[in-house]
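The lines below spell out each chain.
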Amino acid sequence: MFASSTSSATTPSRPSLPANPFRLMATGEPWLALLFMITSFVVGLFWFIVLVVLISVGGSLAVTLIGLPILVGAMYAWIGGAKAERWRVGAMLGEKIRDPYQPIPVGVSFWQHIWRRAKDGHTWLDLLYLFLLFPMGVAEFVIGTVIVYLPFQFLLTPIWYWTDTLDWFGPDWFGRIG
């Protein structure tokens, strides 16, 4: 009467964390995730600049009809960029993201191909993702560098304090009372 909810055929099991979290640092997963976080800033900055330039130039020149091919080229560029981002997620994080686009039937004209891609909602979601990759990449870059920097700072501060013989700010930096 009732289906069993303990079936694992529909939900893939994820590996559990090791009992010793320091062993996780010896694996490649956190380091690849950190590399992914830091490179997201560079990739996001690249796509933000490219898309802002192409869309603004194509949109402003659309009145003269020169901008329409630029806009179509920008659309196919961001589709390719989103496919490259799906590949990057799969390669660095091990999460495969399927291609969301429906295949275009054979025999469709060039203009119909462009129109079908422009009407597809996934095209616009890819554009939104590539635009949001820049602010997300900035946040991930800051978080990633702080996560790496802070432990070293905490470990090396006593050494710096004990070995610092330079008078960085002069003898009266904090002033004298009385």
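Structure shown above.
Read on for an overview of the structure. (Residues numbered from 1 in each chain as written. Predicted model: local features only at pLDDT ≥ 70, side-chain atom pairs only at ≥ 80, totals over all residues. Heavy atoms only, no water.)

Further remarks concern the environment of T157. Note that T157 resides in helix α5 (residues 121-163). Accessibility expressed as a relative area gives 30% for T157, which makes it partly exposed. A distance of 2.5 Å separates the side chain of T157 from the backbone oxygen of Q153, its partner in a polar contact. (Helix = DSSP H or I, 4+ residues; strand = E, 2+ residues; numbered from the N terminus. Buried < 20%, exposed > 50% of the residue type's maximum accessible area, 1.4 Å probe, protein only. Polar contact = N/O pair within 3.5 Å; in protein donor to acceptor, adjacent residues only side chain to side chain.)

Think of two packed helices as two axes; the pair is described by the angle between the axes and how far apart they sit. At their nearest, the axes of helix α3 (residues 67-93) and helix α4 (residues 110-119) sit 11 Å apart, and the two run at 60 degrees to each other. In terms of orientation, α3 and α4 fall into the oblique class. Here the hand of the crossing between α3 and α4 comes out left-handed. The residues of α4 that touch α3, namely those facing V72, M75, Y76 and I79, are H113, I114, R117 and A118. Among the residues making up the contact of α3 with α4, the classes are represented as six nonpolar, one polar and one charged. (Axes fitted to C-alpha atoms, helices over the stretch in contact; angles between N-to-C directions. Parallel < 35°, antiparallel > 145°, perpendicular 65-115°, else oblique. Left-handed = near helix turned anticlockwise from the far one by under 90°. Contact = heavy atoms within 4.5 Å. Nonpolar A, V, L, I, M, F, W, Y, C, P; charged D, E, K, R; others polar.)

Going through the model one piece at a time under the given rule, you end up with seven aromatic pairs. Ring plane angle 25 degrees and centroid distance 5.1 Å describe the contact between F48 and F134, whose orientation is recorded as stacked. Within this pair, whereas F48 is found in helix α2 (residues 29-61), its partner F134 is found in helix α5, the two being separated by 86 residues in sequence. F48 gets classed as partly exposed once you look at its relative accessible area, which sits at 32%. Judged by relative accessible area, which is 22%, F134 ranks as partly exposed. Taking 5.4 Å as the distance between ring centres and 55 degrees as the angle between the ring planes, the aromatic pair formed by W78 and W124 counts as tilted. Pair noted here: W78 is in helix α3 and W124 is in helix α5, with a separation of 46 residues, a long-range link. (Phe/Tyr/Trp six-rings, centres within 6.5 Å; stacked < 30°, edge-to-face > 60°.)

With that out of the way, let us pick up α2. Between the first and last C-alpha of α2 there are 46 Å, a value that for 33 residues agrees with the 48 Å anticipated at 1.5 Å per step. The sharpest bend along α2 reaches about 30 degrees and sits at T39. Taken together, the buried residues of α2 touch α3 and α5. (Expected span 1.5 Å × (residues − 1). Bend = angle between axes of the 7 residues up to and from the residue.)

Taken together, the side chains of I143, I147, V148, F152, L155, L156, I159, W160, Y161 and W162 make up a nonpolar region of the molecular surface, amounting to roughly 1200 Å² of accessible area. The topology assignment puts W162 in helix α5. Under the relative-accessibility criterion, W162 is labelled exposed at 66%. (Patch = residues over 30% accessible without salt bridge, like charges linked within 9 Å, V, L, I, M, F, W, Y side chains within 5 Å. Areas by Shrake-Rupley, 256 points an atom, 1.4 Å probe, with all protein chains shown as cover. Salt bridge = Lys/Arg side-chain N within 4 Å of Asp/Glu carboxyl O.)

Within the chain, L65 stands out as a residue other than glycine whose phi angle is a positive 70 degrees. Relative to the elements of secondary structure, L65 occurs in the loop between α2 and α3. A relative accessible area of 58% places L65 in the exposed class.

Interpretation in functional terms is not warranted from these geometric data alone.
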